[in-house]
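Secondary and tertiary structure notes
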Amino acid sequence: MTAASLHGGLMASPWVVRWTRALPAGRRVLDLACGSGRHLRWLAAQGQHVTGVDRDAAALEDLAAACPQAELITADIESGPWPLEGRTFDVVIVTNYLWSPLLPAILDCVAPDGRLIYETFALGNQTVGKPSNPDFLLRPGELLDAVRGAGGGWRVLGYEDGTLETPLRFVQRIAAVHEANPGAAASAGPPRYPL
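Reference entry: report on the structure contained in this document. These figures come from a predicted structure and were not determined experimentally.

**Here we look at unusual backbone geometry**
The linkage connecting Lys130 with the following residue, Pro131, adopts the cis geometry, with an omega of 0°. Among the secondary structure elements, Pro131 is positioned in the loop between strand S7 (110-121) and helix H5 (142-149). Residue Pro167 is bonded to the preceding Thr166 through a cis peptide linkage, with omega at -5°. One can find Pro167 in the loop between strand S8 (154-164) and strand S9 (169-178). In the Ramachandran plot, Asn96 falls in the positive-phi region, its phi being about 55° despite a non-glycine side chain. Checked against the element boundaries, Asn96 lands in the loop between strand S6 (89-95) and helix H4 (103-108). If you check the backbone angles, Asp113 has positive phi at about 65° while not being a glycine.

**Let's talk about the pattern of salt bridges**
This structure, assessed with the given rule, holds six salt bridges. With its nearest N and O atoms 3.0 Å apart, the salt bridge here joins Arg28 to Asp90. A residue pair is termed long-range when its members are at least 10 positions apart, and Arg28 in strand S3 (residues 28-32) and Asp90 in strand S6 qualify at 62 residues. The salt bridge partner of Arg155 is Glu179, with a shortest N-O separation of 2.7 Å. Separated by 24 residues along the polypeptide, Arg155 in strand S8 and Glu179 in the segment after S9 bring together distant segments of the chain. Among the charged side chains, a network of salt bridges with common partners joins Glu119, Glu160 and Arg173.

Here is what the cut-offs are and how they apply
Residues numbered from 1 in each chain as written. Predicted model: local features only at pLDDT ≥ 70, side-chain atom pairs only at ≥ 80, totals over all residues. Heavy atoms only, no water. Helix = DSSP H or I, 4+ residues; strand = E, 2+ residues; numbered from the N terminus. Salt bridge = Lys/Arg side-chain N within 4 Å of Asp/Glu carboxyl O.

So this is what it looks like as structure tokens:
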């Protein structure tokens, strides 16, 4: 299956594909606010153990039929209790979703040596379409600030803040590793993370 394969009529984000394509099979992956599950389906096909969270029970019901091996959790993460308390994942993916007060909880879900892959709309998007509510648009540098402020040895692998075409939209995206041993002995060499 190629990175451009369709899942439920939707292609996986090139940003998500870039930062997950070299993952060994069997990783625990969380797709938060997964919707129809385009990333969850793609990663399940790659042999990952996938968990999806969304408030849309109908979307999760369709996803359960298409991806029966997935753990699916129906939850309103903005106004209900956090459904992942105490759980960590090797990879946490969030796309096209933002509720800034949840950023610390999302970062807490990334296991040591785990990866955060986040891509969503940023300020400026209100000039070209939806979402246009500033509560759902990242402020300049917000993802970088969240990772840097989390403590515990985060390494940013990639970050972009700009526009994408077709359709035109303003986005921010980050890929970061929650290093288990930040500042490991220099003689061991720097850690390597597949691009």
